[in-house]
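A look at the structure
So the chains spell out like this:
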Amino acid sequence: MACITDKPLSLATSVDQVALEARAKSLTTRSIKTTSKRAALHLSIRCMDLTTLEGADTPGKVASLCQKATRPDPTNLDVPPVAAVCVYPEMVDYAVAATAGTGVKVASVAGAFPSGLSRLSIRLDDIADAVARGAHEIDIVLNRSAFLTGDYNLVMDEVAAAKEACGEAHLKVILETGELGGYDQIRRASMLSMHAGADFIKTSTGKIPKASTLPVVLCMAEAIRDHADATGEIIGLKAAGGIRTAKQAWHYLVVIGETLGTDWLTPDLFRLGASSLLNDVLQQLGKLDTGRYSGPDYVTVD
Amino acid sequence: MNEHLPVDKTFKLFIGGAFPRSESGRTFAVRDAKGALLANASQASRKDLREAVRAARGAQESWAGRTAYNRGQILYRAAEMMEARRPEFVSVLRQIGVTPKAASKQVDQAIDRWVWYAGWADKTHHILGTVNPVAGPYFNFTFPEPTGVVGVMAPDEPALLGLVSRLAAVIVSGNTAVAVVEGPASLAAITLAEVLATSDLPGGVVNLLTGDKNELLPWMMGHLDINAVDLTGAPKDLDPTILEEAAVNVKRTVWGDSTAESPYAIADFLEMKTVWHPIGK
Amino acid sequence: MTTEKFDLDYAPALESTAVVNIAKQYGLFVNGEFVKARGDKTFATINPATEAHLANVAEASKADVNKAVKAARHAYETYWRDMPGKQRARYLYRIARQLQERAREFAVLETLDGGKPITESRDFDLPQAAAHFFYHAGWADKLDYAFPGRKVTSHGVVGQITPWNFPMMMAAWKLAPALATGNTVVFKPAETTPLTALLLAEVLQDVDLPPGVVNIVTGAGATGQALVDHPDVDKLAFTGSTGVGKMIQRAAAARRLPLTLELGGKAAHIVFDDAAIDQAVEGVVKGIFFNQGHVCCAGSRLLVQESIAEMFIEKLKRRVDLLRVGNPLDKNTDVGAINSAAQLGRIADLVKVGVSEGAEIYQPKCSLNKKGFWFAPTIFTGVQQSHRIAQEEIFGPVLSVQTFRTADEAVQKANNTPFGLSAGVWTEKGSKILWMADLLNAGVVWANTYNQFDPASPFGGYKESGFGREGGMQGLSAYVRTDTGGRS
């Protein structure tokens, strides 16, 4: 693998849209059955960032979310807890309290989420505040304005500053891929973020209609693979936005597994950011356990 | 006794833009209807054929690489040069037995053929090429390309028009030709060669061998560096099993119309190339 | 907690075979009916993935072929020649629809009889077959527009012989244009994969295609020979090896029989250092391992620019490690079974030659079944132009990797072969693509993609890869007799 590190990254920066999308589509034909399906469903839960990012979020709503996160199926304790809950900074205190001792981490969006368009010092304060409240993970947005004007140095400097502000907390950089214009740019943004110190790169805020797609994740996974080859650094990936069904979730697992290898199929390196996904996964598990198709009345709405 | 004893022309082969004698040293007599000697034409051997193919192969890539506009102009130039030497062509045809009226008409038609095919150089793509609506995100198009080196059995009749019609159809797209002409038609062929040699046509694009078709055809069919053979003027007493040799390198064989004026006569010596490219951003 | 590890050894996901119903014995399809071969001669067809016997199939003798040609002649003169194009089109549309409706059944049967992964027969072969009938149906009443200024007529009785690598798709490539242009057909599928053609015969009965318009004679070389040599066949079309193609060309030459040949290849797949690398890796993998490399246009020679060769080969090997070789009925299988013991022998022999010539062999770790015919995906590096594995068609999952320094060298190496079927080019530089596409001697050039097919896109080769095209407007001309189309 050393040979890959010898080559400048600029040699491999283009992405062919049609071939990339065809590859992603071909991976959706993987048929996940029986034991593989149960393993995939459990893994999707273990890798899940159960998310609520609404202006109307309240301590009560967060408490309910955290309960669901730590014990997704109260009738079946075989079902593992999710990886983290993802909330706004103001909700971090409640989330930290509600998940204490459960192993479920607290992730907070920060840095003028979801636009990222406020003064850097304010964004950094926002990050520091969330960390101070006890967040283990910080999800910030890439400065798309700077990226799209071609000011890549600024983009990287800001990510580096955010990383510093995070201290011990893990930094996830949201590329908001739906706003970047294409896969070449997604790849470039991935590379810049990883070089600047991101622990994770993440697809989307969930706040615009064009959220995570399989080809986008494939594209980012390929960038992570090349970055690892070039630097030895292992960067994680979070797919977020628009992931609602168990089937979508295991498509992501397949794409990650077949691109980055099964080493990446852990909560340390892969996350699915979602809110309604968990219930679909639970219904699928119900079907596996009982042999009957489940319905929405048989899982809790939180 | 004549004041001026005419200087008779030596009819040689036309290979790679030059006029060599056959390496075999052989000639054959061409006589008029009354038996008077018109010329001792060179009788090409298989080795002359080999040299002609080498010349044709050497010229092919750059001939095909010229713009269609340029090839069209060069074919048109051949018409100009023929027009300039019109009386000579009429006279040669009359010598080999064509009536004055028919000779005159045939020369006119032959000149016209060059002009007609010259105009096709930059139009075959229009009528034979396509953009194909494939069911996917791909731009897909098909266009004609020359086959390569084409062996031509030139029609015996009409001596000039037949040869010009076949040659023009073969070379206009970028093929190069090695044509075999037999008997009295040889005189018209070599006179044509003199026109081609002065028409900006690169050496080797057209090579003319005079001689015995039955002797040369088996070598032509078996030659691994000939891509297609025009059998339109194949000998009438052809042993059909000779044609089986086409299979040695999957040669294209063409039976055409000796005086065809048709874009499809060009198409017979074309390959269709299809290119796919994704459409994305 | 009982969480199994999720890994890439996906649990088996077998396609059900309940949808197919294989008879013990199949007859020839002549004049609209299934009939026994003379002397009731049969041969066995097996599942190459398990070597299990599937069925006995009638072996057509010379006399049987003669009957089929007679039926085709009669149908030509009685029904088909003078049927309005509009009506011929109706039959072709009906066939297309039936193939769509029964696609899964055909796909499973194709996989059972031929060994290809079900995902390919399901997602590629059958959709393509139906699309070919649908596309050509539309031409049947529009031929005047395909040949402007020319009078076109059908040939009459067409003899068609196809290979075992894409049995149904090849049947569609052959039958659809022949029927659309008003010919009747005697069709011989490959002897190792006759079953889908025979299922197609049932479809032809169901759509009420007039008897004798399509006749299907099963058998091996001798049956094919009888068809090629039959004096009442007006045109021949063959897809298969260059060796057999040359024999057919010899047979047809003296009779001046119209002929189309789609033969072998040794395609260069060229990757420049400015390519979209990860997609190029995918393209190269699809180019050589699609259908176990049993593809005439397989990208069997990778020419990679020296400046990225090491990195590219590393990525390629990593990707090939992920290929899942195994049960073709498993929906997660990427590479299925080799089509026959004979083909497996040929592949193994040439791979031995590659090793003995000094090329370096790489094969991923994969456990191959004892039963059935299997060959691991294989990459040869350090291959030189003079190696036999760089020159000869292997027709298996074997890639020969060479390097080049400049675009000129890439073209020179790519063209340095008697074949000329296809080529692939990967570069993000548009002008270079067009430059390469112009210079590569190949009937199909895939730029930044590979192994794409479509009924609207002509397919066929230069040089010893054959002549004539299949698909597109250009493909129609193989099945019509045309006048000069000009003055003379």
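Residues numbered from 1 in each chain as written. Chains lettered and ligands numbered in written order. Predicted model: local features only at pLDDT ≥ 70, side-chain atom pairs only at ≥ 80, totals over all residues. Heavy atoms only, no water.

1. Some details on the overall build of chain C
A count of helices and strands for chain C gives 16 helices and 20 strands. The C-alpha atoms of chain C give a radius of gyration of 23 Å, which matches the 23 Å a tight globule of 488 residues would have. Across its three principal directions, the C-alpha atoms of chain C cover 65 × 65 × 45 Å. The 488 residues of chain C split such that 66% are buried. Of the contacts made within chain C by residues no fewer than 6 positions apart, 75% connect residues no fewer than 24 positions apart. Split by element, the accessible area of chain C, about 16,700 Å² in all, is 51% carbon and sulfur. Computed over 52 positive and 51 negative side-chain charges, the separation of the two mean positions in chain C equals 5 Å. (Helix = DSSP H or I, 4+ residues; strand = E, 2+ residues; numbered from the N terminus. Rg over C-alpha atoms; globule rule 2.2 N^0.38 Å. Buried < 20%, exposed > 50% of the residue type's maximum accessible area, 1.4 Å probe, protein only. Contact = heavy atoms within 4.5 Å. Areas by Shrake-Rupley, 256 points an atom, 1.4 Å probe, with all protein chains shown as cover. Lys, Arg positive; Asp, Glu negative; His and termini not counted. Charge placed at Lys NZ, Arg CZ, Asp CG, Glu CD.)

2. Considering unusual backbone geometry
Omega for the bond connecting Phe113(A) with Pro114(A) falls within 30 degrees of zero, at 5 degrees, which places this linkage in the cis form. Inspection of the secondary structure assignment puts Pro114(A) in the loop between β3 (105–109) and α6 (120–132). The phi angle at Ala112(A) is positive, at roughly 55 degrees, despite the residue not being glycine. In this structure, Ala112(A) sits in the loop between β3 and α6. The residue Lys463(C) is not glycine, and still its phi comes out positive at about 50 degrees. As for its position among the elements, Lys463(C) is in the loop between β18 (444–447) and β19 (466–467). A relative accessible area of 22% means that Lys463(C) is categorised as partly exposed.

3. What to know about the sheet that holds strand β8 (residues 270–274) of chain A
Residue and element names in this part refer to chain A. Read once around its circumference, the closed barrel built from eight strands follows the order β1-β2-β3-β4-β5-β6-β7-β8, with strand pairing classed as parallel. Sheet twist, expressed as the mean angle between neighbouring strand axes with direction ignored, is 25 degrees. Relative to strand β7 (residues 236–240), strand β6 (residues 200–202) runs parallel, the two sharing three bridges. Of the residues in β7, the one forming a bridge with Ile 201 is Leu 237. Contacting β2 (84–87) and β3, helix α5 (residues 92–99) runs over the sheet at an angle of about 170 degrees to β3. (Pairing = 2+ DSSP bridges. Axes fitted to C-alpha atoms, helices over the stretch in contact; angles between N-to-C directions.)

4. Details of the domain arrangement of chain C
Residue and element names in this part refer to chain C. As assigned here, chain C comprises domain 1 (25–263 + 465–482) and domain 2 (268–455). Each of domain 1 and domain 2 has a C-alpha centre, and the two are 30 Å apart. Listed by partner, the interface residues are 34 residues for domain 1 and 33 residues for domain 2. When domain 1 packs against domain 2, the two sides together hide about 2,700 Å² of surface, and 60% of this comes from carbon and sulfur. The interface formed by domain 1 and domain 2 includes zero salt bridges. In this assembly, domain 1 and domain 2 are joined by 14 residue pairs in polar contact (both at pLDDT 80 or more). Sorting the residues of the side of domain 1 that touches domain 2 by element identifies α3 (103–114) and α4 (118–139) as the ones contributing at least two each. No other element matches α4, which puts nine residues into the side of domain 1 that touches domain 2. When the residues that make up the side of domain 1 that touches domain 2 are grouped by side-chain class, the tally is 14 nonpolar, 14 polar and six charged. (Domains from an automatic or database assignment. Buried area = accessible area lost by both parts, 1.4 Å probe. Salt bridge = Lys/Arg side-chain N within 4 Å of Asp/Glu carboxyl O. Polar contact = N/O pair within 3.5 Å; in protein donor to acceptor, adjacent residues only side chain to side chain. Nonpolar A, V, L, I, M, F, W, Y, C, P; charged D, E, K, R; others polar.)

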